[in-house]
Amino acid sequence: MGKDNRWTTYNEEQLCELHALAEDYKGFMSTVKTEREAVCEVVKRVQAAGYRSLDEVVAKGESLKAGDKVYAVWMKKTMVLFTVGTQPIEKGLRILGAHIDSPRLDLKQVPLYENTEMAFFDTHYYGGVKKYQWTTIPLAIHGVVAKKDGTVVDVRIGEEENDPVFCVTDLLIHLSKDQMAKTLGDAITGENLDVLIASKPLVIGTDTKKDAEKDAEGAEAKELVKKNVLAILKEKYGMEEDDFLSAELEIVPAGKARDMGLDRSMIACYGQDDRVCAFTSLDAFLKVENPEVTACCLLTDKEEIGSVGATGAQSRFFENAVAELMDRCGQYSELGLRRALASSRMLSSDVSAAFDPLYAEAYEKKNAAFFGHGIVYNKYTGSRGKSGSNDANAEYFAWVRRAMDDAGVAFQTAELGKVDIGGGGTIAYISALYGMDVVDAGIAVLNMHAPMEVTSKSDLYEARNAYVAFLTAQA
Ligand code: MN
Ligand code: MN
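Nothing here was measured: the structure is a model prediction, and the numbers come from that model.

**Observations regarding the domain arrangement of the protein chain**
Looking at the assigned domains, one finds that the protein chain contains domain 1 (6–102 + 270–472) and domain 2 (105–253). On a C-alpha basis, the centres of domain 1 and domain 2 stand 35 Å from each other. On the side of domain 2, 15 residues touch domain 1, which itself brings 20 residues to the contact. Where domain 1 abuts domain 2, roughly 1,400 Å² becomes buried across the two surfaces, and 49% of that area is made up of carbon and sulfur atoms. Between domain 1 and domain 2 we count four salt bridges in total. Of the charged contacts, one joins Lys77 and Glu248 as a salt bridge, the two residues approaching to 3.0 Å between their closest N and O atoms. Between domain 1 and domain 2 we count ten residue pairs in polar contact (both at pLDDT 80 or more) in total. Within the residue set of the side of domain 1 that touches domain 2, elements represented by two or more residues are helix H1 (12–31) and helix H2 (35–48).

Next up, the structure:
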């Protein structure tokens, strides 16, 4: 294996490029912890790179031509980017598709309660989580509160040096005899993943004291910790308790992306599934100017809960955006759109499981992904006999292999783990519904779905280069 380790192959210039990419990535990951924040940051970046809003182009009735760069956003949570190619769009696009949502704890619609003079936010976890991993770590709150008057307030607490953080408590070891006898899956319940947010009662002044005394017997004078929280929220965000009903507030691990390892060869942070592939796909996409085949980068939401909803990969957003693009290029017809989608080639940019020698029994070594060995291709994913998988076409993967080899890009192939142990899915099977060729291609991740996931900087660099090779390969 050693001879294939990419770290041993780099010259000074490549190392310099690799480190610049890793620094940029850490900055991105420290800024972006939700799908909305990802869209916001990517829009900023692509506008600076000369991309225009497709909606604006449509509204102004302008037309597009080869070399033009546009983006479209839907509900502030999913987006797609195009660089128009010289070849007619109906001959197909080259698509990099990644997801920008990650497992987390979402606030319930009625989240706030007080119990024994402590205030909590009640949550409902999003995506696949090992619940015990989310206790006793510093947490932050990111998201929006949409008010009845139409205003939307951004919330981001727990990331600045002087911000407070939050946590899900866990029972002390001294009293855990019963808990420790439970299985890992049962010991922490979803209903107990509540976030401790306050412990100080509202201090009642002389004026309010009269009121308080008035209804001293009633509930009004109780729950003063909760009342204090509401007063803080009112002051800071102008929100009432009912405004939680129309909020999207996500509890995520607090803190920045960090170098990991004495050799600083790895990166540790939250949300690398799948923003590590979103970031590298975007970086690759932005490197491709004036392509022959129209280049596309799709950043989608809701993958972790089945790619559902208006912003998930199953929605018509992507198809509609391609239709608008073709229309602006003077190439739209219903048949042309169908041909474009069916003739496209796609890499479903999603992470794969990195081999973990401490849990070697879960992997089958010949078909496992290793740190430092380049982008990982998963011909198929799924579980219990490839169920739910897109199984990429052999002829297509032969083309992908050639594209990688021609560009001198290293890659590895893998399955998620041993056959009967589990499995997973991506957005590949959804794009494949159009008839297009698609295969999963991403970065190996350790601790996938944990609050702190780990990747290799080398794989970050190799994946970016592989994505460029894919976008620019000869048909
Ligand atoms: Mn994923
Ligand atoms: Mn995932």
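**A few points about the sheet that holds strand E11 (residues 258–260)**
Spatial ordering of the open sheet is given by E11-E12-E22, a layout of three strands whose pairing is antiparallel. The sheet terminates laterally at E11 and strand E22 (453–456), the two strands that pair on one side only. Between one strand and the next, the sheet's axes are offset by a mean angle of 35°, whatever the strand orientation. Against the sheet, H1 makes contact with E11 and strand E12 (266–269), and its axis sits at roughly 5° relative to E12, the strand it touches most. On the sheet, helix H8 (residues 272–287) packs against E12 and E22 and is oriented at approximately 30° with respect to E22.

**Points about the coordination of the manganese ion (ligand 2)**
Taken together, Asp273 (OD), Glu304 (OE), Glu304 (OE) and His449 (NE2) make up the protein donors of the manganese ion (ligand 2), found 2.1 to 2.5 Å from the metal. Donor residues for the manganese ion (ligand 2), ordered by position in the chain, follow D-x30-E-x144-H. In this structure, the manganese ion (ligand 2) is positioned 3.4 Å from the manganese ion (ligand 1), and both are ligated by Asp273. With Asp273 in helix H8 and His449 in the loop between strand E21 (444–445) and E22, the pair connects residues that are 176 residues apart, well separated along the chain. Taking relative accessible area as the criterion, Asp273 reaches 4% and is therefore assigned buried. Residue His449 is classed as buried on the basis of its relative accessible area, which comes to 17%.

**Comments concerning helix H10 (residues 334–342)**
For H10, every residue scored as buried is listed here: Gly336, Leu337, Ala340 and Leu341. One side of H10 holds all its buried residues, which, seen down the axis, span an arc of 130°.

**Section: the coordination of the manganese ion (ligand 1)**
Protein-derived coordination of the manganese ion (ligand 1) comes from His99 (NE2), Asp273 (OD), Asp350 (OD) and Asp350 (OD), at a distance range of 2.2 to 2.6 Å. Spacing between the donor residues of the manganese ion (ligand 1) along their common chain follows H-x173-D-x76-D.

**Overview of the packing of helix H9 (residues 317–328) against H10**
Running from N to C, H9 and H10 cross one another at 120°; their axes reach a closest spacing of 10 Å. It follows from the interaxial angle that H9 and H10 lie oblique. Between H9 and H10 the crossing geometry is right-handed. Touching Phe318, Glu319, Val322, Ala323 and Met326 of H9 are Gly336, Leu337, Ala340 and Leu341, all from H10.

**Structural notes on the nonpolar core**
Judged by nonpolar contacts, the single largest core of 59 residues is most densely connected at Leu81, Leu347, Tyr377, Met404 and Tyr467. It is helix H13 (residues 457–472) that contributes the most residues to this core, eight residues altogether. Leave out the neighbours within four places in its chain, and Leu347 touches Ile95, Leu96, Gly97, Tyr377, Tyr396, Val439, Ala441, Tyr467 and Phe470.

**A few points about the pairing of strand E6 (residues 118–126)**
Bridge analysis of strand E5 (residues 104–115) against E6 gives eight bridges, and the strand direction is antiparallel. The partner of Leu107 across the bridge, within E6, is Thr123. In this structure, the hairpin formed by E5 and E6 is closed by a connection of two residues, where Thr116 is found at a positive phi of approximately 45°. Both E6 and strand E9 (residues 195–198) contribute to a ladder of three bridges, which runs antiparallel. Paired with Phe120 across the bridge in E9 is Leu196.

What counts, and where the lines are drawn
- Residues numbered from 1 in each chain as written.
- Chains lettered and ligands numbered in written order.
- Predicted model: local features only at pLDDT ≥ 70, side-chain atom pairs only at ≥ 80, totals over all residues.
- Heavy atoms only, no water.
- Domains from an automatic or database assignment.
- Contact = heavy atoms within 4.5 Å.
- Buried area = accessible area lost by both parts, 1.4 Å probe.
- Salt bridge = Lys/Arg side-chain N within 4 Å of Asp/Glu carboxyl O.
- Polar contact = N/O pair within 3.5 Å; in protein donor to acceptor, adjacent residues only side chain to side chain.
- Helix = DSSP H or I, 4+ residues; strand = E, 2+ residues; numbered from the N terminus.
- Pairing = 2+ DSSP bridges.
- Axes fitted to C-alpha atoms, helices over the stretch in contact; angles between N-to-C directions.
- Donors = N, O, S within 2.8 Å, 3.2 Å for Na, K, Ca; no water.
- Buried < 20%, exposed > 50% of the residue type's maximum accessible area, 1.4 Å probe, protein only.
- Arc of directions from axis to C-beta.
- Parallel < 35°, antiparallel > 145°, perpendicular 65-115°, else oblique.
- Left-handed = near helix turned anticlockwise from the far one by under 90°.
- Core = buried A, V, L, I, M, F, W, Y, C linked by side-chain atoms within 4.5 Å.

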